[in-house]
Amino acid sequence: MKLPVHKYGDPVLRKKGVPVTEVTPEIHQLIADMFETMEAHHGVGLAAQQVGHALQLTVIDIRPIEDRPSTLELDGKPADPNSIMPLVLLNPVVKAVGAPEAGSEGCLSFPKLYGEIERPESVDVTATNEKGEALAFRCGGLLARCIQHETDHLHGILFIDRMNRETKEELKPDLDELQAATKAALKKK
Ligand code: ZN
């Protein structure tokens, strides 16, 4: 089932997610619904906060974006990033490896808004998947950017928090408008 995406101005986006310690049938359903929601909006990543749940859970599938490369290392050996797609990360921990690099980002909670964000080019990731298996890999490029963006969501951090002052200043009128519209809609409920 496609779920409504919570937009900037909704307090749930600022909540730190609680760890997912057991993959219950409800969590399985939530994962399936999150993939359906993400695909419907042509996104490549979606965090639980964006569908109203403050949990350490994100779903990722970078395959729709073909013009921005990714790298993957499993057990120290190069691997095809598509081989781990679609990806479910529970309780992910991300450690920076590469030097910061600027790249364009958008977010389903900020429709039509994009900005250049600096993030480490590659990261080491540990997490649990939907089967309860431990995951550990190193990745770079778009996949690393996406995982960092989504892991931020799980801690209540938004991509606007990582924009430089000029970019945020430029987007400010749109951000203010979006925030006001979200708050007005929440009040009506
Ligand atoms: Zn986002």
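In the block above lies the structure referred to throughout.
Residues numbered from 1 in each chain as written. Predicted model: local features only at pLDDT ≥ 70, side-chain atom pairs only at ≥ 80, totals over all residues. Heavy atoms only, no water.

(A) Structural context of the coordination of the zinc ion. Summarising the metal site, the zinc ion is bound by the protein donors Cys107 (SG), His149 (NE2) and His153 (NE2), whose distances to it range over 2.0 to 2.2 Å. Taken in chain order, the donor set of the zinc ion reads C-x41-H-x3-H. Taken together, the residues cysteine 107 in strand β6 (residues 100–107) and histidine 149 in helix α2 (residues 141–154) connect sequence positions 42 residues apart. Classification of histidine 149 as buried rests on a relative accessible area of 7%. (Donors = N, O, S within 2.8 Å, 3.2 Å for Na, K, Ca; no water. Helix = DSSP H or I, 4+ residues; strand = E, 2+ residues; numbered from the N terminus. Buried < 20%, exposed > 50% of the residue type's maximum accessible area, 1.4 Å probe, protein only.)

(B) Expanded view of α2. If you check α2, its first and last C-alpha atoms are 21 Å apart, about what 14 residues at 1.5 Å a residue would give, namely 20 Å. Among the 14 residues in α2, 13 count as buried, and that is most of the element. One or two steps after α2, the chain reaches glycine 156, where phi turns positive at roughly 75°. (Expected span 1.5 Å × (residues − 1).)

(C) Looking closely at the pattern of salt bridges. Within the structure shown, the criterion is met by 8 salt bridges. Salt-bridge contacts for arginine 14 lead to aspartate 161; the nearest nitrogen and oxygen are separated by 2.7 Å. Residue arginine 14 is located in the segment before α1 (25–40), and its partner aspartate 161 is located in the loop between α2 and α3 (165–188); the two are separated by 147 residues in the primary sequence. Judged by its relative accessible area of 36%, aspartate 161 is partly exposed. Its salt-bridge partner being arginine 119, residue aspartate 152 comes within 3.0 Å of it at the nearest N-O pair. (Salt bridge = Lys/Arg side-chain N within 4 Å of Asp/Glu carboxyl O.)

(D) Structural detail: the environment of proline 86. Summarising the element assignment, proline 86 is placed in the loop between β4 (77–79) and β5 (87–96). Given a relative accessible area of 45%, proline 86 falls into the partly exposed group. Sequence-wise, proline 86 and histidine 42 are 44 residues apart; in three dimensions their C-alpha atoms are separated by 14 Å. Apart from residues no more than four positions distant in its own chain, proline 86 is found in contact with Phe35, Ile60, Asp61 and Arg63. (Contact = heavy atoms within 4.5 Å.)

(E) Region of the structure containing the pairing of strand β3 (residues 70–74). Across 3 bridges, β3 lies against strand β9 (residues 134–140) in antiparallel orientation. Bridging across to β9, glutamate 73 finds its partner in arginine 138. Direction of pairing for β3 relative to β4: antiparallel, over a ladder of 3 bridges. For leucine 72, the partnering residue across the bridge sits in β4 and is alanine 79. A loop of 2 residues connects β3 with β4, the two strands running antiparallel in sequence, and aspartate 75 in this loop sits at a positive phi of about 50°. (Pairing = 2+ DSSP bridges.)

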